[in-house]
Amino acid sequence: MNWQRSLKGKVSLEEPLRKYTTFKIGGRAKFFIEPYNYEDLRLLLSLVKKYSIPLRVIGAGSNILIRDQGINGAVLRLSSPCFRKTSFHKNSVTVRAGKFLKELVLSIQKRGLSNTEFLIGIPGTVGGALAMNAGVKGKNIGDLVEDVTVMDYFGRIKTLKKENINFGYRKSSLSKFIILSAKLKLVKRNKRDIEEKIKRYLDYRRSSQDYSFASLGCVFKNPSGDSAGRLIDLCGLKGRRIGNACVSKKHANFILNLKKAKASDVLRLMRLVRKKVKDRFKINLEPEIKIW
Ligand code: EPU
């Protein structure tokens, strides 16, 4: 079956997915596809439907734990130049889904425009950030959205106004589509003030989070009114290790990949953490990360 030959973009077989995640863990994808443009993406959708191949979209891979057995299906990554474009308007920017947040924030800053500074340290793409409404300290990307353009799994493109999208805590109604681009509201601001704000966000992240080894950032969602990191810390779990997966000594809601950890080690450690927090505080921690 050589259905993938008709695509213009890059197609790899049995591609190791760990290369595409910040955690550097996980098995292979049977098909790994980077479409060339919207037409190519539409063609891909019709092909995977025709051959009943399950399809998933990966962004920057900063929130996904891929199981050791990998994915028996297709993984799609919107990494070609077509999916990274930005265009500026007077008080807004239209940005495509494959753009990295850091690049976006810096290009906005360069134009003396502001609103996105809080996204600077999040190691994600625009599409991934929108799908899970990424944010920090009560500010989320959904707050900036004017509209989002998506492709449904039939290849139809539509633009959804903000009022027709649900953004929740680390989730959104967009995750059922392939996100193509978003229009984000911006405001004019002094470049130096923007730079200072960016620096404050980066300093806070560096001082509180653990960058010593590969990770997925926070593993569990914060329960309402509390912090998962604080609860895990109070259970004395910092430094707890299973195989080469280890609860960070700096931020207890981070699990580190010390060296070639297995996804199964991480899953066992997550179960242990959930059990300890449940036993002590009667709170069920929900994973923030997606498990594939
Ligand atoms: N804390 C501890 N021990 C720890 C970690 C934290 O006692 O090991 C305490 C801190 O001292 C602080 C409180 O818990 O009083 C909250 O900690 P922090 O400021 O680090 O924020 P967080 O609630 O753990 C959230 C997001 C982060 C985001 C930060 C900064 C979630 C699950 N986490 O973390 O997002 O970067 O706020 O705004 O919503 C992520 O999404 O991957 C992520 C890391």
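The coordinates are above.
Everything numeric here is computed off the predicted structure, so don't read it as measured data. (Residues numbered from 1 in each chain as written. Predicted model: local features only at pLDDT ≥ 70, side-chain atom pairs only at ≥ 80, totals over all residues. Heavy atoms only, no water.)

This paragraph deals with the environment of Thr 22. Mapped onto the fold, Thr 22 is located in the loop between strand E1 (10–16) and strand E2 (28–34). Given a relative accessible area of 25%, Thr 22 falls into the partly exposed group. Excluding its chain neighbours within four sequence positions, the residues that come into contact with Thr 22 are Ala 60, Gly 61, Ser 62, Ala 214, Ser 215 and Leu 216. (Helix = DSSP H or I, 4+ residues; strand = E, 2+ residues; numbered from the N terminus. Buried < 20%, exposed > 50% of the residue type's maximum accessible area, 1.4 Å probe, protein only. Contact = heavy atoms within 4.5 Å.)

Turning our attention to the site of the ligand. Taken together, 21 residues form the shell around the ligand, and within it Tyr 169, Tyr 204, Cys 218, Asn 222 and Ala 252 come nearest. Here an oxygen atom of the ligand and a side-chain polar atom of Gln 209 are 2.8 Å apart. In this structure, Ala 252 approaches the ligand through a main-chain N or O atom, which is 2.8 Å from an oxygen atom. Surface burial for the ligand is 76%, taken as the share of its 830 Å² of free accessible area covered by protein chains. Secondary structure elements with two or more residues in the shell around the ligand: helix H4 (191–208), strand E17 (214–218) and helix H5 (228–234). Per element, the largest residue contribution to the shell around the ligand is 3 residues, and it comes from H5. (Near = heavy atom within 4 Å. Polar contact = N/O pair within 3.5 Å; in protein donor to acceptor, adjacent residues only side chain to side chain. Areas by Shrake-Rupley, 256 points an atom, 1.4 Å probe, with all protein chains shown as cover.)

Spatial relationships are all this shows, so hold off on functional conclusions.
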